[in-house]
Amino acid sequence: LLNHVVLDGYTLNPGDLTWDPLTRLGDVKVYERTPANLVLERARGADVVFTNKSLLTADTLKALAPTLKFIGVLATGYNIVNVVAARKLNIVVSNIPTYGTFSVSQMVFALLLHITQNVGHHCNEVKKGRWAANKDWCFWDTPLTELEGKTMGIIGFGRIGQTTGRMALAFGMKVIAYDIYFKKSPVEGAQMADSVEEVFAQSDVLSLHCNLTDQNKEMVNSSLLRTMKKNAIIINTSRGPLINEKDLADALNSRTIYAAGLDVLSVEPPTSNPLIGAKNCFVTPHIAWATKEARSRLMGIRSEEH
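It should be emphasised that the depicted structure is a prediction, and the values quoted were computed from it without experimental measurement.

**Q** How would you explain the overall build of the protein if you had to name every residue and give the values?
**A** When helices and strands are counted, the protein shows eleven helices and twelve strands. The principal-axis extent of the C-alpha atoms belonging to the protein is close to 70 × 50 × 40 Å. Buried residues in the protein amount to 47% of all 306 residues. Here the analysis covers contacts within the protein between residues at least 6 apart in sequence; of these, 60% occur between residues at least 24 apart.

Set out below in structure tokens:
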């Protein structure tokens with residue numbers, strides 16, 4: 001039997017799932033979390049290592065070879081593994097790009113509807129007695145916005161971007177997308193843009209769904225933000241470093257754009273971040289991927305592929 005080590009299993013399975021799909025494959029040692037200084041010690045002797053956010057550097061991989069044969073990333077992105085070193089050492093690296101498609105797209109609209117409807121705020125105001133004390137039969141004290149007819153701009157039109165686009169179309173929104181791999185839209189009713197700049201300028205809602213690269217790091221910056229509509233809303237469920245966070249905070253505080261809904265930040269968990277406390281900025285703690293259904297799917301796909 002192969003020896004398996006899970007370096008940071010708590011976020012995938014905090015207790016509401018079972019590790020049985022993996023234990024059927026061999027011996028499995030699960031660590032809830034692994035600090036950087038213990039990665040090598042805990043992974044030593046393993047044939048298979050599973051990781052979500054624990055870094056596997058080139059030096060670590062050299063020390064683990066030739067016993068280590070397979071690295072299973074318990075997520076979509078695999079920037080936590082030095083894949084160049086792994087390739088040289090004949091270690092297979094596999095990620096899981098499909099498990100959370102619907103959950104992440106659903107989170108896009110959870111953030112967006114929170115901004116456009118302010119459900120939580122108005123529910124709390126009812127509990128405070130403001131509706132009961134109101135002179136009229138209804139009240140609201142924040143702007144309420146209808147999505148029908150608005151333009152949803154999507155940067156990155158892969159699986160999640162396309163699913164988000166279909167959901168936007170179901171709301172009656174217009175969809176414009178940019179992707180370096182698509183010139184013709186794979187989604188009926190959506191239009192492809194010729195440039196990122198075009199999407200920023202036309203969008204009422206801008207949703208980010210691209211991988212993080214050296215080329216697009218901090219692509220959301222002051223120069224592009226200044227081209228957006230005053231009522232624009234930015235949603236990011238992709239990668240925090242796609243946004244220059246100081247520039248976005250400044251744009252929100254100066255009302256250059258209207259609002260932002262963010263499930264990811266450049267450093268997680270944050271210690272100091274200008275977006276926490278910025279006007280009309282709503283930050284959630286990287287939960288788009290974490291529905292029980294998505295995590296269960298991830299566990300099943302990981303065990304089947306391995």
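**Q** Could you give me a rundown of helix 7 (residues 159-170), with the residues and numbers involved?
**A** Residue pairs spaced three or four apart in an α-helix point in one direction, given the helix's 3.6 residues per turn. For helix 7, spanning twelve residues, the distance from its first C-alpha to its last is 17 Å, which sits close to the expected 16 Å at 1.5 Å a residue. Buried within helix 7 we find Gly 161, Gln 162, Thr 163, Thr 164, Gly 165 and Ala 168. Those residues of helix 7 that are buried are in contact with helix 5 (101-117), strand 6 (151-155), strand 7 (174-178) and strand 9 (205-208).

**Q** I'd like a description of the side chain of Thr 116, backed by residues and values.
**A** Note that Thr 116 resides in helix 5. Not counting residues within four places of it along the chain, the set of residues in contact with Thr 116 comprises Pro 143, Leu 144, Thr 145, Leu 147 and Ile 233.

**Q** Summarise the pattern of salt bridges; cite the residues concerned and give the values.
**A** Taken as a whole, this structure holds eight salt bridges when the rule is applied. Residues Asp 16 and Arg 295 are paired through a salt bridge, measuring 2.5 Å at the closest nitrogen-oxygen approach. Of this pair, Asp 16 sits in the loop between strand 1 (2-6) and helix 1 (20-23) while Arg 295 is found in helix 11 (residues 292-305), placing the two residues 279 residues apart along the sequence. Lys 128 is the salt-bridge partner of Glu 125, the closest N and O atoms lying 3.0 Å from each other. When its relative accessible area of 7% is taken as the criterion, Glu 125 is described as buried. Connected through salt bridges with shared partners, the residues Glu 125, Lys 128, Arg 130 and Asp 141 form a single ionic network.

**Q** I'd like to hear about unusual backbone geometry, residue by residue, with values.
**A** For the bond from Ala 65 to Pro 66, the omega torsion is 5°, close enough to zero to count as cis. In the segment running from Glu 268 into Pro 269, the intervening peptide bond is cis, with an omega of -5°. Position of Pro 269 relative to the elements: it lies in the loop between strand 11 (259-262) and strand 12 (281-283). Its identity is not glycine, yet Asn 118 carries a phi of approximately 55°, on the positive side. By secondary structure assignment, the location of Asn 118 is in the loop between helix 5 and helix 6 (119-127). Positive phi values are uncommon outside glycine, yet His 286 reaches one of about 55°. One can find His 286 in the loop between strand 12 and helix 11.

**Q** Could you give an account of the pairing of strand 1, with specific residues and numbers?
**A** Summarising the sheet, strand 1 and strand 2 (residues 26-30) pair through five bridges and their orientation is parallel. Looking at strand 2, one finds that Asn 3 is bridged to Asp 27. With three bridges connecting them, strand 1 and strand 3 (residues 48-51) associate as parallel partners. Within the sheet, the bridge partner assigned to Val 5 lies in strand 3 and is Val 49.

**Q** Before we move on, could you go through the nonpolar core and cite the residues and values that matter?
**A** Membership of the largest hydrophobic core comes to 30 residues, with the highest contact counts inside it found for Ile 155, Phe 200, Leu 248 and Ile 257. Per element, the largest residue contribution to this core is four residues, and it comes from helix 10 (residues 245-253). Sequence-distant contacts of Ile 257, defined by excluding residues within four places in its chain, comprise Leu 225, Met 228, Lys 229, Lys 230, Ala 232, Ile 234, Leu 248, Ala 251 and Leu 252. With 23 residues, the next largest nonpolar core counts Leu 147, Met 152, Met 173 and Val 205 among its residues.

**Q** Break down the packing of aromatic side chains for me, citing the residues and quoting the values.
**A** Summed over all chains, the structure comprises one aromatic pair. Both rings, one in Phe 109 and one in Phe 171, keep their centres 5.1 Å apart while their planes meet at 5°; by these two values the pair is stacked. Taken as a pair, Phe 109 in helix 5 and Phe 171 in the loop between helix 7 and strand 7 lie far apart in primary sequence, 62 residues in all. The positively charged end of Lys 29 is found above the aromatic ring belonging to Tyr 31, 5.3 Å away from the centroid. Above the plane of the ring of Tyr 10 lies Arg 33, whose end atom (NZ or CZ) is 4.5 Å from the centre.

**Q** If you had to explain the environment of Ile 180 to someone new, which residues and values would you point to?
**A** Relative to the helices and strands, Ile 180 resides in the loop between strand 7 and strand 8 (190-192). Exposure remark for Ile 180: the relative accessible area of 57% places this residue in the exposed category. For Ile 180 and Val 196, which are 16 residues apart along the polypeptide, the C-alpha to C-alpha distance reads 9.8 Å.

How each quantity is defined
Residues numbered from 1 in each chain as written. Predicted model: local features only at pLDDT ≥ 70, side-chain atom pairs only at ≥ 80, totals over all residues. Heavy atoms only, no water. Helix = DSSP H or I, 4+ residues; strand = E, 2+ residues; numbered from the N terminus. Buried < 20%, exposed > 50% of the residue type's maximum accessible area, 1.4 Å probe, protein only. Contact = heavy atoms within 4.5 Å. Expected span 1.5 Å × (residues − 1). Salt bridge = Lys/Arg side-chain N within 4 Å of Asp/Glu carboxyl O. Pairing = 2+ DSSP bridges. Core = buried A, V, L, I, M, F, W, Y, C linked by side-chain atoms within 4.5 Å. Phe/Tyr/Trp six-rings, centres within 6.5 Å; stacked < 30°, edge-to-face > 60°. Lys NZ or Arg CZ within 6 Å of the ring centre and 35° of its normal.

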